[in-house]
Amino acid sequence: MTEHTTRMGDGRVVRMSSEKIRAELETGTKEAADKAKIPELNGNELETLYEIVTNPSRIVGVEMGREAVMSADAGGFSLFMDSGSSGLGLPIERSLALGAITEKVLGIDIIQESEPDASFKAMKPISPYLMVVCQNILQSTISPLMHISMPNLGYFYKPDGPWDEPIGLLRDGKFDAAKASMEGAVQQCTESIVYVATHLATIGIDGINIDTIGAAGDPDFYSALLATEAIKKQNPELSIEFGMATESVHGFHAQLKYNGTRLAGLWPHQQVKLAEKAGADIFGPVINTKSQNSFSWNLARAVTFTKQCVKDSSIPVHVNMGMGVGGVPMFETPPVDAVTRANKAMIEVAGVDGV
Amino acid sequence: MISLSELDNLYKAILSQDVEGAEIAAKACVAASVDPIQAMNTASEAIKKIGDLFDRAEIFLPEVIVSAEAMKKASAVLLKDIPKEMQKKKAKFIIGTVEGDVHDIGKGIVATMLDAEGFDVIDLGRDVATSKFVEAVRAHNPAFVGLSALMTVTATTQGAVIKALKDAGLRDTVKVMVGGGATTEFHAEEIGADGWGADALDAVTKAKSFL
């Protein structure tokens, strides 16, 4: 029996037989298809995934001519920051790290500027500072520059914001109060996103990446849709990347609708249609890695969701590929063997435009 | 004698978030002399199904909460007919997001699911100081303490709470369960937790397995 070195979803190295890997790929695609009611991967696609997983090389790459656009979610931070468990802590000026080094040394196609507290609410009072930072980056780079921040609706609930914490209200049976609280937070969050985007547009930034959308459930998603719509009305030339936080939209309000579609429970291929409607230019789906399952299972599952999203989308899809998403193991410094395999699979099988 | 229609009505009422209907169905079970333990098991099956539907994103938090309320109403009726010595004692479950971490949405979902499954939940909130977990365990003598952490930098604090419980001589009195976006089963093993929940449903299933 042939055995291969592969990983679990938490990054642990395991030896697995060819038969077991094939079985894991099959159950992974079935799981995604069953949940989102979408087609499973076909035999050829599963065989391609099998070849990618079992490739004996430590790292793999895409075929020539199939290269995809790459952005790095303010990855330049890793150069100068040190969280104690990750980051290099190099003494490099931040706009240099986020801009020129990211572009000219790392070869990233879309530069993404951000701040450590990457929430639009926190960015609002420092918009003039962001404008200066972004202007400096624009003057030293050629690639498109986006500012990336999160709606982070949680920041609008007490004790950080004025609105009562809705989950507690729900648990107390105060459903109307919880909904009113969420709706109030949506309005303020939307205003914050639009405020920051509008200011950065004045210095000629290329786009805004609204990231981790849906992290606080359907009202968070709703806020990003409304903000996208408003930004595009004011600044049609400003690109919007609509980056998700989870594979399905959690229903905390559960009755919110956009354009007649209920937001709770939407899967990536359905989320992208609303993002398009709102005016987004790029969609960033997220598929969560289940750390207790194998890398093969997670990869097939993630590719199945993403493939359908790409198929249904009429805007470019740049899938999120990092710690614990996109089939990549849930490990702070994701292993390069798994990262390259997952990226190759997303580009060659799911057909994404970027990662 | 098994009365399928009464049990069926009870199951359906909880599943369809019909609080009043669940209470009426429970009363009908009592009136029809349905074994109350069997009726309680049926109600538990309905809650389990609710958990499955939630996991599949087919129903959402508000529905789970209303179903839990329906379950509570039905239980209140049925438990009156179950002798005290045969009633399962509600397991106390202290839960909170560890110090330095303000993310409490996931923790709130777990608390809701535990509540629905009949645990006596004490929610300490978010950014909870390690010493507060220790004080709460000492004060409430719970069966479980649940530690949530979304970020890699705060996941290590879960280990600090376990150590603090050990130092206070309380570690062996309580099962420690951990969870959250940045955690894995491997991490749970490393820090010496008793259990790890991949998600809310998994957390509840694992907690029940300890009972």
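The present account deals with the structure reproduced in this document. Remember, it's a predicted structure, so these values are computed and weren't measured experimentally.

1. Topic: the packing of helix α11 (residues 295–312) of chain A against helix α12 (residues 336–350) of chain A
All names here are of chain A.
Working step 1: Viewed as axis vectors pointing N to C, α11 and α12 meet at an angle of 35 degrees, and their least axial separation amounts to 9 Å. Seen from above, α11 lies across α12 with right-handed handedness. Residues F295, L299, A302, V303, T306, K307 and V310 of α11 form the contact with α12, whose own contacting residues are A338, R341, A342, A345, M346, V349 and A350.
Working step 2: Residues of the contact of α11 with α12, tallied by class, amount to eleven nonpolar, one polar and two charged.

2. Some details on the side chain of T306 of chain A
Working step 1: Among the secondary structure elements, T306 of chain A is positioned in helix α11.
Working step 2: On the basis of relative accessible area, T306 of chain A is assigned to the buried category, the value being 0%.

3. Thoughts on the sheet that holds strand β4 (residues 145–149) of chain A
Hydrogen bonds between backbone groups are what pair the strands of a sheet, and the pairing can be parallel or antiparallel.
All names here are of chain A.
Working step 1: One open sheet accounts for five strands, arranged β3-β4-β5-β6-β9; its pairing is parallel. Every other strand in the sheet has two partners, leaving β3 (111–113) and β9 (282–284) as the edge strands with one partner each. If you compare each strand with its neighbour and ignore which way they point, the axes differ by 25 degrees on average.
Working step 2: Inspection of the sheet shows strand β6 (residues 239–244) paired to β9 by three bridges, in the parallel sense. By the bridge assignment for β9, F242 is matched with F283.
Working step 3: Against the sheet, helix α10 (residues 268–278) contacts β6 and β9, and its axis sits at roughly 150 degrees relative to β9.

4. Comments concerning the pattern of salt bridges
Working step 1: Enumeration according to the criterion identifies 31 salt bridges over all chains in this entry.
Working step 2: Across the salt bridge formed by D123 of chain B and K107 of chain B, the nearest N and O atoms sit 3.0 Å from each other. Taken as a pair, D123 of chain B in strand β2 (residues 120–123) and K107 of chain B in helix α5 (residues 105–116) lie far apart in primary sequence, 16 residues in all.
Working step 3: You can call D123 of chain B partly exposed: its relative accessible area is 27%.
Working step 4: Of the residues examined, K107 of chain B reaches a relative accessible area of 4% and is grouped as buried.
Working step 5: One salt bridge connects D194 of chain B with R171 of chain B, and the closest N-O pair in it is separated by 2.8 Å. Here R171 of chain B lies in the loop between α7 (152–167) and β4 (175–179) and D194 of chain B lies in the loop between α8 (185–191) and β5 (195–197), a separation of 23 residues in the sequence.
Working step 6: D194 of chain B gets classed as partly exposed once you look at its relative accessible area, which sits at 32%.
Working step 7: In this structure R171 of chain B comes out as buried when scored by relative accessible area, which is 10%.
Working step 8: Within the structure, one salt-bridge network assembled from shared partners comprises E31, K35, E247 and R301 of chain A together with D55 of chain B.

5. Quick notes on helix α2 (residues 19–31) of chain B
Residue and element names in this part refer to chain B.
Working step 1: Here α2 spans 19 Å end to end across 13 residues, near enough to the 18 Å set by a 1.5 Å rise per residue.
Working step 2: Buried within α2 we find G21, A22, A25, A26 and C29. Projected down its long axis, α2 carries its buried residues within an arc of 135 degrees, all on one side. Among the exposed residues of α2, those oriented more than 90 degrees off its buried face are E20, I24 and A31.
Working step 3: Considering only its buried residues, α2 is in contact with α1 (4–15), α3 (36–55) and α4 (61–79).
Working step 4: Downstream of α2 by one or two residues, S33 has phi in the positive range, about 55 degrees.

6. A few points about the interface of chain B and chain A
Working step 1: Taken together, the contact pairs 29 residues of chain B with 29 residues of chain A.
Working step 2: In total, chain B and chain A occlude about 2,400 Å² of area from one another, counting both sides; carbon and sulfur atoms represent 61% of this.
Working step 3: Area buried by chain B at its contact with chain A is led by R56, F60 and I105 of chain B, which between them contribute 23% of it.
Working step 4: At the junction of chain B and chain A, the tally comes to seven salt bridges.

7. A look at the packing of aromatic side chains
Residue and element names in this part refer to chain A.
Working step 1: Under the counting rule described, the total for this entry stands at eight aromatic pairs over all chains.
Working step 2: Ring geometry for F221 and F242: centres 5.7 Å apart, planes at 85 degrees, overall edge-to-face. In this pair, F221 is assigned in helix α9 (residues 218–234) and F242 in strand β6, connecting sequence segments 21 residues apart. Pair check on accessibility: F221 and F242 agree, each one buried.

8. Details of the environment of M177 of chain B
Residues and elements named next belong to chain B.
Working step 1: Checked against the element boundaries, M177 lands in strand β4.
Working step 2: Judged by its relative accessible area of 4%, M177 is buried.
Working step 3: For the pair formed by M177 and G195, sequence separation is 18 residues and the distance between their alpha carbons is 4.6 Å.
Working step 4: Residues in contact with M177, not counting those within four places in the same chain, are F93, F144, V145, G146, L147, G195, A203, K206, A207 and F210.

9. Quick notes on the sheet that holds β2 of chain B
All names here are of chain B.
Working step 1: Read from one edge of the open sheet, five strands run β2-β1-β3-β4-β5, paired in parallel fashion. In this open sheet, the two edge strands, each paired with only one partner strand, are β2 and β5. Along the sheet, successive strands turn relative to each other by an average axial angle of 25 degrees, direction set aside.
Working step 2: The pairing of strand β3 (residues 144–148) with β4 spans five bridges and is classified as parallel. Bridging across to β4, G146 finds its partner in M177.
Working step 3: Sitting on the sheet, helix α6 (residues 130–140) is in contact with β1 (92–97), β2 and β3, with an inclination near 170 degrees to β1.

The rules behind the values
- Residues numbered from 1 in each chain as written.
- Chains lettered and ligands numbered in written order.
- Predicted model: local features only at pLDDT ≥ 70, side-chain atom pairs only at ≥ 80, totals over all residues.
- Heavy atoms only, no water.
- Axes fitted to C-alpha atoms, helices over the stretch in contact; angles between N-to-C directions.
- Helix = DSSP H or I, 4+ residues; strand = E, 2+ residues; numbered from the N terminus.
- Left-handed = near helix turned anticlockwise from the far one by under 90°.
- Contact = heavy atoms within 4.5 Å.
- Nonpolar A, V, L, I, M, F, W, Y, C, P; charged D, E, K, R; others polar.
- Buried < 20%, exposed > 50% of the residue type's maximum accessible area, 1.4 Å probe, protein only.
- Pairing = 2+ DSSP bridges.
- Salt bridge = Lys/Arg side-chain N within 4 Å of Asp/Glu carboxyl O.
- Expected span 1.5 Å × (residues − 1).
- Arc of directions from axis to C-beta.
- Buried area = accessible area lost by both parts, 1.4 Å probe.
- Phe/Tyr/Trp six-rings, centres within 6.5 Å; stacked < 30°, edge-to-face > 60°.

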